[in-house]
Amino acid sequence: MFAPLLFASATMGSSDIAVCPGEGDRYGDFKCNHDSTHRVCAQLVDQGGKPLAWGEKGDFWEITGQKAFQWPERIIEAPNPGDSWCICMWATASLIERVGCDNVHLRCDATDVEYVFASYRDGGQDLSAAQMCLRKKCHAEVAASRQRRSAKRRLQPADL
């Protein structure tokens, strides 16, 4: 009786992440914690709306083959003007594999780190590269996620 409740709780991710500045209104609250894949907040443009380079291979849209669908105007304009967007976990891992962790622009406070660590694959992509990069770049968020997971493990069905 209690196992489904514990499983659902562990897979829901974190609700206390920050707003991803620039994310559209598809989720209402501009956070990267609603669907099963768009859990990483990545900075895609500079303050002027110009696509950021992710190493020598180009910008996000060039590397992912989405240049024809580039959307910087949606990122910098209302209702949530900024420089970032909620991107897929599989795209994050793939990008890191292609350009290296040091060349990706992640917003740790607006990324659902707990959910990414609870996931192993997304869209057929192994997420270990994304998880290793989050460990490297997002120290505070990884530590907070570990504390939440540890607290959940300590909960016993009698406590619920």
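Residues numbered from 1 in each chain as written. Predicted model: local features only at pLDDT ≥ 70, side-chain atom pairs only at ≥ 80, totals over all residues. Heavy atoms only, no water.

Between Ala 78 and Pro 79 the backbone carries a cis peptide bond, its omega angle lying at 15°. Looking at the element boundaries, Pro 79 is found in the loop between helix 3 (72-76) and strand 2 (84-88). (Helix = DSSP H or I, 4+ residues; strand = E, 2+ residues; numbered from the N terminus.)

Moving on, we get to the state of the cysteines. Each disulfide is one covalent bond, formed between the sulfur atoms of two cysteines. In total, this model carries 4 disulfides according to the counting rule given. Across the disulfide, Cys 32 is cross-linked to Cys 86 (sulfur-sulfur distance 2.0 Å). Because the torsion about its S-S bond is -90°, the bridge between Cys 32 and Cys 86 counts as left-handed. Of the two residues, Cys 32 is situated in the loop between helix 1 (3-11) and strand 1 (38-43) and Cys 86 in strand 2; the sequence distance between them amounts to 54 residues. Here Cys 32 and Cys 86 have matching classes, each one buried. Here Cys 101 connects covalently by a disulfide to Cys 133, the sulfurs 2.1 Å from one another. Because the sign of the S-S torsion sets the handedness, a value of about 80° for the bond joining Cys 101 and Cys 133 places this disulfide among the right-handed ones. With Cys 101 in the loop between helix 4 (89-99) and helix 5 (113-118) and Cys 133 in helix 6 (residues 128-137), this pair connects stretches of sequence that are 32 residues apart. For the pair Cys 101 and Cys 133, a shared accessibility class is recorded, and that class is buried. Numbered in order of appearance, the disulfide-bonded cysteines of the protein chain are paired 1-3, 2-4, 5-7, 6-8. (Disulfide = S-S within 2.5 Å. Buried < 20%, exposed > 50% of the residue type's maximum accessible area, 1.4 Å probe, protein only.)

Relative to the helices and strands, Glu 23 is located in the loop between helix 1 and strand 1. Residue classification places Glu 23 among the buried positions, given a relative accessible area of 1%. Side-chain polar atoms of Glu 23 contact the backbone nitrogen of Cys 86, separated by 2.8 Å. For Glu 23, the residues in contact, after removing those within four places along its chain, are Phe 30, Asn 80, Ser 84, Trp 85 and Cys 86. (Polar contact = N/O pair within 3.5 Å; in protein donor to acceptor, adjacent residues only side chain to side chain. Contact = heavy atoms within 4.5 Å.)

Secondary-structure assignment places Phe 30 in the loop between helix 1 and strand 1. For Phe 30, a relative accessible area of 16% corresponds to the buried category. Once the C-alpha coordinates of Phe 30 and Ala 110 are considered, the two residues, 80 residues apart in sequence, prove to be 9.5 Å apart.

What follows is about helix 4. For helix 4, the buried fraction is high: 8 of the 11 residues fall into the buried class. Of the residues one or two after helix 4, Gly 100 is the one with positive phi, at around 90°.

Let us now look at the environment of Ile 75. Note on placement: Ile 75 falls in helix 3. Among the residues examined, Ile 75 registers a relative accessible area of 0% and is labelled buried. Each C-alpha atom of the pair Ile 75 and Leu 44 lies 8.6 Å from the other, and the pair is 31 residues apart in sequence. Once you skip the residues sitting within four places of it in the chain, Ile 75 turns out to touch Gly 22, Leu 44, Val 45, Trp 61, Asn 80, Pro 81, Gly 82, Asp 83, Ser 84 and Trp 85.

Core analysis: the biggest nonpolar cluster contains 33 residues, and Leu 44, Trp 54 and Phe 60 have the highest contact counts within it. At the level of secondary structure, the elements contributing two or more residues to this core comprise strand 1, helix 2 (60-63), strand 2, helix 4, helix 5 and helix 6. The element that contributes the greatest number of residues to this core is helix 4, accounting for 5 residues. (Core = buried A, V, L, I, M, F, W, Y, C linked by side-chain atoms within 4.5 Å.)

Without other data, these values stay purely geometric and don't point to any function.
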